[in-house]
Amino acid sequence: MVGDDAQIFTIEGIAAAFLILFTTYLAVSTTTVLTPGDTHIADLQLTQLGNDALAIMDTPDAVGQLSELQNTIMNDDKVSFHNTLDNYLNTLPGTTNKDRVKFSAKYYYRNNDPISQVVEYPFDDTDTYHRENAVMVTRWIYLPDTPVSNPPGMRDPPNVVLLEVLLWR
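Residues numbered from 1 in each chain as written. Predicted model: local features only at pLDDT ≥ 70, side-chain atom pairs only at ≥ 80, totals over all residues. Heavy atoms only, no water.

S.K.: Where do I start with the overall build of the protein chain in this structure?
M.R.: Secondary structure summary: the protein chain contains four helices and four strands in total. Accessible surface, the protein chain as shown: approximately 11400 Å² in total, 58% of it carbon and sulfur. (Helix = DSSP H or I, 4+ residues; strand = E, 2+ residues; numbered from the N terminus. Areas by Shrake-Rupley, 256 points an atom, 1.4 Å probe, with all protein chains shown as cover.)

S.K.: How should the packing of aromatic side chains be read in this particular structure?
M.R.: Where two aromatic rings form a pair, the distance of their centres and the angle of their planes describe that pair. What the rule picks out here adds up to five aromatic pairs. A ring pair is formed by tyrosine 107 and tyrosine 121, whose centres lie 5.0 Å apart and whose planes are at 45°; its orientation type is tilted. You can see tyrosine 107 sitting in strand β1 (residues 102–110) and its partner tyrosine 121 sitting in strand β2 (residues 118–124), a full 14 residues away along the chain. Across the pair, tyrosine 121 and tyrosine 107 agree in class, each one buried. (Phe/Tyr/Trp six-rings, centres within 6.5 Å; stacked < 30°, edge-to-face > 60°. Buried < 20%, exposed > 50% of the residue type's maximum accessible area, 1.4 Å probe, protein only.)

S.K.: What is the right way to look at the side chain of asparagine 111 in this model?
M.R.: Along the chain, asparagine 111 turns up in the loop between β1 and β2. At a separation of 3.0 Å, a polar atom in the side chain of asparagine 111 contacts the main-chain amide nitrogen of glutamine 117. Leaving out residues up to four positions away in the same chain, asparagine 111 has contacts with Ser116, Gln117, Val119, Gly153 and Arg155. (Polar contact = N/O pair within 3.5 Å; in protein donor to acceptor, adjacent residues only side chain to side chain. Contact = heavy atoms within 4.5 Å.)

S.K.: Just checking my understanding: could you explain the environment of aspartate 86 for this structure?
M.R.: Within the secondary structure layout, aspartate 86 lies in helix α4 (residues 78–90). Using a relative accessible area of 25% as the deciding quantity, one classes aspartate 86 as partly exposed. Each C-alpha atom, one on aspartate 86 and one on aspartate 99, is 9.5 Å from the other, the two residues being 13 residues apart in sequence. For aspartate 86, the residues in contact, after removing those within four places along its chain, are Val101 and Phe103.

S.K.: Sorry, what's going on with the sheet that holds strand β4 (residues 159–168) here?
M.R.: Note on sheets: strands pair through backbone hydrogen bonds, and any given pair is parallel or antiparallel. Strand order in the open sheet formed by four strands is β2-β1-β4-β3, and the pairing between neighbours is antiparallel. Two strands close off the open sheet at either side, each with one partner strand: β2 and β3 (134–143). Geometrically, the sheet is characterised by an average inter-axis angle of 25° between neighbouring strands, direction not taken into account. Judged from the six bridges that link them, β1 and β2 form a sheet pairing that is antiparallel. Within β2, the position partnered with arginine 110 by the bridge is valine 118. Against the sheet, helix α2 (residues 41–57) makes contact with β3 and β4, and its axis sits at roughly 20° relative to β3, the strand it touches most. (Pairing = 2+ DSSP bridges. Axes fitted to C-alpha atoms, helices over the stretch in contact; angles between N-to-C directions.)

S.K.: So what exactly am I meant to see when it comes to the pattern of salt bridges here?
M.R.: Should their charged atoms come close, side chains of opposite charge can pair. Applying the stated criterion across every chain, the model contains two salt bridges. We note a salt bridge from aspartate 58 to arginine 139, for which the minimum N-O separation is 3.0 Å. Linking aspartate 58 in the loop between α2 and α3 (68–74) with arginine 139 in strand β3, this pair joins segments that are 81 residues apart in sequence. Residue arginine 139 is classed as partly exposed on the basis of its relative accessible area of 28%. Of the charged contacts, one joins glutamate 120 and lysine 106 as a salt bridge, the two residues approaching to 3.7 Å between their closest N and O atoms. (Salt bridge = Lys/Arg side-chain N within 4 Å of Asp/Glu carboxyl O.)

S.K.: I'm lost on the packing of α2 against α4 in this one. Help?
M.R.: At a minimum axis separation of 9 Å, α2 and α4 run at an interaxial angle of 130°. With respect to each other, α2 and α4 are oriented oblique. In this structure, α2 meets α4 at a crossing whose hand is right-handed. Here Leu49, Gly50, Ala53, Leu54, Ile56 and Met57 of α2 come into contact with α4, specifically with Phe81, Thr84, Leu85, Tyr88 and Leu89. (Parallel < 35°, antiparallel > 145°, perpendicular 65-115°, else oblique. Left-handed = near helix turned anticlockwise from the far one by under 90°.)

So, in structure tokens, the structure goes:
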């Protein structure tokens, strides 16, 4: 005959199955490794893209000539700067498609005051930043002469300015 022993074996089997599943869950969840670098790869790629674009613009065609970046700042040619940087940032290799990287730029210089303060000069604010995830790339630019825009209080030449470009998608 069948007694009450079968119910105990059923309860013991269910409890054992629960313990096995719970132990498996703990083992799998503690061995999953997430590296911090995985979460910032897009930012690092965007930073590298911006640095490469500025490096291309800051490379002169020949020895003794000014680079394209120096020329655009010296001539206060904001339209040429925007179009060139936009082309370098948004052209995808092998296709005619455009990426959607947007940017704004400004540069900093020291003025003529006795305390020599650092002054900000907005250079390209065509795109509007609305709190997207952004990265900042910078480049020191040597200016052998005073820019055409003649920013207020800029020291006598030669000068070095810090170009700061904010990039976002």
